[in-house]
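Analysis of the macromolecular model
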Amino acid sequence: MATRKKAAKAKTKTAAKKSARKVVKLKAVKKPAAKAAGGSLPRPSSKPWGQSGRALDGVRILDFTHVQSGPTCTQLLAYMGADVIKVERPGVGDITRGQLRDVIGADSLYFTMLNGSKRSITIDSKHPKGKEILDRLVKTCDVLVENFAPGALDRMGLTFEHIHKLNPRMIVASVKGFGPGPYEDCKVYENVAQCAGGSASTTGFRDGPPLVTGAQLGDSGTGLHLALGIVSALFQRIRTGRGQKVLCAMQDGVLNLARVKLRDQQRLKAGPLTEYSQYGEGIPFGKATPRAGNDSGGGQPGWILKCKGWEDDPDAYVYFITQAPVWGAICDLIGKPEWKTDPDYATPPARLPRLRHIFDTIEQWTMTKTKFDVMEICNKLDIPVGPILSMKEIAEEPSLRATGTVVEVDHPTRGAYLTVGNPIKLSDSPADVRRSPLLGEHTDEILSDVLGYSAKEIAEIKTSGAITAPEKSAKAAAA
Ligand code: COA
């Protein structure tokens, strides 16, 4: 943290220092690509692992994101060490601050779990002075990230052309619901993306309606895609010296995650999808990839099976995979050693039409064990299984706390809360997981330290209305 602050200060103390840094970077871009990728690297650090800063130290992000998709992306970049400056509307902030509130008057978990490790500044982007401050931020940041409705950024005057004129090195990264095409102007939320990206039509049971999943494929999934786009653009900028636009459409992101279902769509031309249990049940396939219930979706058949206690515990289940190499061990375990040599069961193709019966038989065994017993017994035999963990179990799981995947952070108005830390572990860049900022908590420090405004100028900005909410809306937001 101290290293990040130091780096941030050094980077922005004066405009002269800033441009000097840019010149150094631009010199490096003249080298051919092959050299930039290896030849121009500094000598390997001799510092102990984890003590040479963070992966994205020195990268500053102008974070114009809200709700979930964009904030997921910028939170991840902040965990990696980027200085993420979240710009919020005075008095109101990101709408999620007040959504699904569990503690009256405090920022919601919806907000706090998506905006950790960031700084918050309030700026009215439509106020003339606010625009001036934003322009200054554009000049000093490396990346602008936004997920407004289509056209909103342009309506603020922050067109790509304007941004690029101020800062040709700026990467402008956007999440939109759809890419260019008939729906490009539509506003989109999570479940719309799951439906439009092919996930919903392929999720659920064959005889039921399409289903959306609990995992936020459209929002968090697209945020992850955007983070990769940004880091790639930063890498390319080392060679080209210029920024670029990065666009992730939520429909595209969901489709990317559902690509195996597009694979199956094409396989349908060659005949029934034999690994789907509907094949074994003799139910004909239609024209499109069907919903596959809990079928594994890969080459190794699997299903969710009841475990001991399932009558009272909705999560007393295990996912059981009948992986071919361990078929013999499975047969012995469930008391069916004869299946190892029976031609109806001995080979994977012979088993495909009988999967329902096979899983029913395995379930007779799993129902005599808890899901954790099944896990322990099967793992010793190399049989891939997984307990269905409830969110309660995950929240309390010590190993997830130990790895920093689940982190408890303190918060001045709501007290301690759990958040998901960085799921991507870098051996030389420890995750920087801190609480989310209060609305406008860092306005003064950003105006002075990052943008170089004097105390007098800051006082003037405060009375201009560019960073403070009119009394009425501030009161409404606090309610
Ligand atoms: N100061 C002044 N105005 C601000 C502001 C600030 N700091 N920050 C935002 N605003 C304004 C915007 O300029 C916009 O005004 P305009 O419509 O007059 O141009 C307005 O706030 C609302 O922005 P918008 O993005 O349209 O919010 P919304 O609540 O109407 O729609 C979404 C929300 C999520 C549907 C929409 O933003 C969207 O489709 N985003 C892209 C897809 C996406 O990310 N969806 C996932 C959400 S998890």
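Residues numbered from 1 in each chain as written. Predicted model: local features only at pLDDT ≥ 70, side-chain atom pairs only at ≥ 80, totals over all residues. Heavy atoms only, no water.

Burial analysis of helix α4 (residues 69-79) places 11 of its 11 residues in the buried class, which makes it a mostly covered element. For α4, the set of buried residues is Ser69, Gly70, Pro71, Thr72, Cys73, Thr74, Gln75, Leu76, Leu77, Ala78 and Tyr79. Of the residues flanking the end of α4, it is Gly81, one or two places downstream, whose phi is positive at about 110°. (Buried < 20%, exposed > 50% of the residue type's maximum accessible area, 1.4 Å probe, protein only. Helix = DSSP H or I, 4+ residues; strand = E, 2+ residues; numbered from the N terminus.)

This part is about the packing of aromatic side chains. Each aromatic ring pair is characterised by the separation of its centres together with the angle its planes make. Counted according to the given criterion, the structure contains 6 aromatic pairs. Taken together, a centroid distance of 6.1 Å and an interplanar angle of 5° make the contact between Trp327 and Trp339 stacked. Pair noted here: Trp327 is in helix α14 (residues 327-333) and Trp339 is in the loop between α14 and α15 (348-351), with a separation of 12 residues, a long-range link. For Trp327, a relative accessible area of 4% translates into the label buried. Look at Trp339 and you get buried, because its relative accessible area is 4%. The residue whose ring lies beneath Lys245 is Phe160, and the NZ or CZ to ring-centre distance is 5.1 Å. The cationic tip of Arg351 hangs over the ring face of Trp327; the distance from NZ or CZ to the ring centre is 4.0 Å. (Phe/Tyr/Trp six-rings, centres within 6.5 Å; stacked < 30°, edge-to-face > 60°. Lys NZ or Arg CZ within 6 Å of the ring centre and 35° of its normal.)

The 6 strands lie next to each other as β3-β2-β1-β4-β5-β6, forming an open sheet whose pairing is parallel. Each end of this open sheet is capped by a strand with a single partner; those strands are β3 (119-122) and β6 (245-249). Shown here is a sheet whose adjacent strand axes are inclined to one another by a mean of 20°, direction ignored. As paired strands, strand β1 (residues 60-64) and strand β4 (residues 143-146) are joined by 4 bridges and run parallel to one another. In the strand pairing of β4, Asp63 is matched with Val145. Sheet strands touched by helix α20 (residues 443-450): β1, β2 (83-88) and β3. Its angle to β3, the strand with the most contacts, is close to 90°. (Pairing = 2+ DSSP bridges. Axes fitted to C-alpha atoms, helices over the stretch in contact; angles between N-to-C directions. Contact = heavy atoms within 4.5 Å.)

Glancing now at the nonpolar core. Nonpolar side chains tend toward joint burial in soluble globular proteins. If you look at the biggest cluster of nonpolar residues, it comprises 32 residues, and the most contacted ones within it are Ile61, Leu77, Val143, Val145, Leu226 and Ile230. Secondary-structure elements contributing two or more residues to this core are α4, β4, β5 (171-176), α10 (220-240), β6, α11 (250-257) and β10 (406-409). Not counting residues up to four positions away in its chain, the partners in contact with Val145 are Ile61, Leu62, Asp63, Phe64, Thr65, Cys73, Thr74, Ala173, Leu226 and Ile230. Residues Ile123, Met170, Val450 and Leu451 belong to the second largest nonpolar core, which totals 29 residues. (Core = buried A, V, L, I, M, F, W, Y, C linked by side-chain atoms within 4.5 Å.)

Note that Gly50 resides in the loop between α3 (33-39) and β1. Residue classification places Gly50 among the partly exposed residues on the basis of a relative accessible area of 25%. In this structure the C-alpha to C-alpha distance between Gly50 and Pro430, which are 380 residues apart in sequence, comes to 5.9 Å.

Let's shift gears to helix α6 (residues 128-140). Here α6 spans 19 Å end to end across 13 residues, near enough to the 18 Å set by a 1.5 Å rise per residue. Taken as a whole, α6 has its buried residues at Gly130, Ile133, Leu134, Leu137, Val138 and Thr140. Axial view of α6: buried residues confined to an arc of 165°, hence all on one face. (Expected span 1.5 Å × (residues − 1). Arc of directions from axis to C-beta.)

Let's shift gears to the environment of Gly253. As for its placement among the helices and strands, Gly253 is situated in helix α11. According to the relative accessible area criterion, Gly253 is buried, its value standing at 3%. Residue contacts for Gly253: discarding those within four places in its chain leaves Thr222 and His225.

Here we take up the site of the ligand. In the vicinity of the ligand there are 23 residues, among which Arg89, Ala149, Arg155, Lys187 and Val188 approach most closely. With respect to the ligand, the side chain of Arg89 contributes an N or O atom lying 2.8 Å from an oxygen atom. Measuring from a nitrogen atom of the ligand, one finds a backbone N or O atom of Ser125 at 3.0 Å. When the ligand sits alone it has 940 Å² of accessible area, and the protein chains cover 84% of it. (Near = heavy atom within 4 Å. Polar contact = N/O pair within 3.5 Å; in protein donor to acceptor, adjacent residues only side chain to side chain. Areas by Shrake-Rupley, 256 points an atom, 1.4 Å probe, with all protein chains shown as cover.)

Take the packing of α10 against α11 next. Their axes nearest at 9 Å, the elements α10 and α11 cross at an angle of 95°. Here α11 runs roughly perpendicular to α10, going by the angle between their axes. Here α10 contributes Gly221, Thr222 and His225 to the contact with α11, which in turn contributes Met250, Gly253, Asn256 and Leu257. Its residues assigned to classes, the contact of α10 with α11 comprises 2 nonpolar, 5 polar and no charged. (Parallel < 35°, antiparallel > 145°, perpendicular 65-115°, else oblique. Nonpolar A, V, L, I, M, F, W, Y, C, P; charged D, E, K, R; others polar.)

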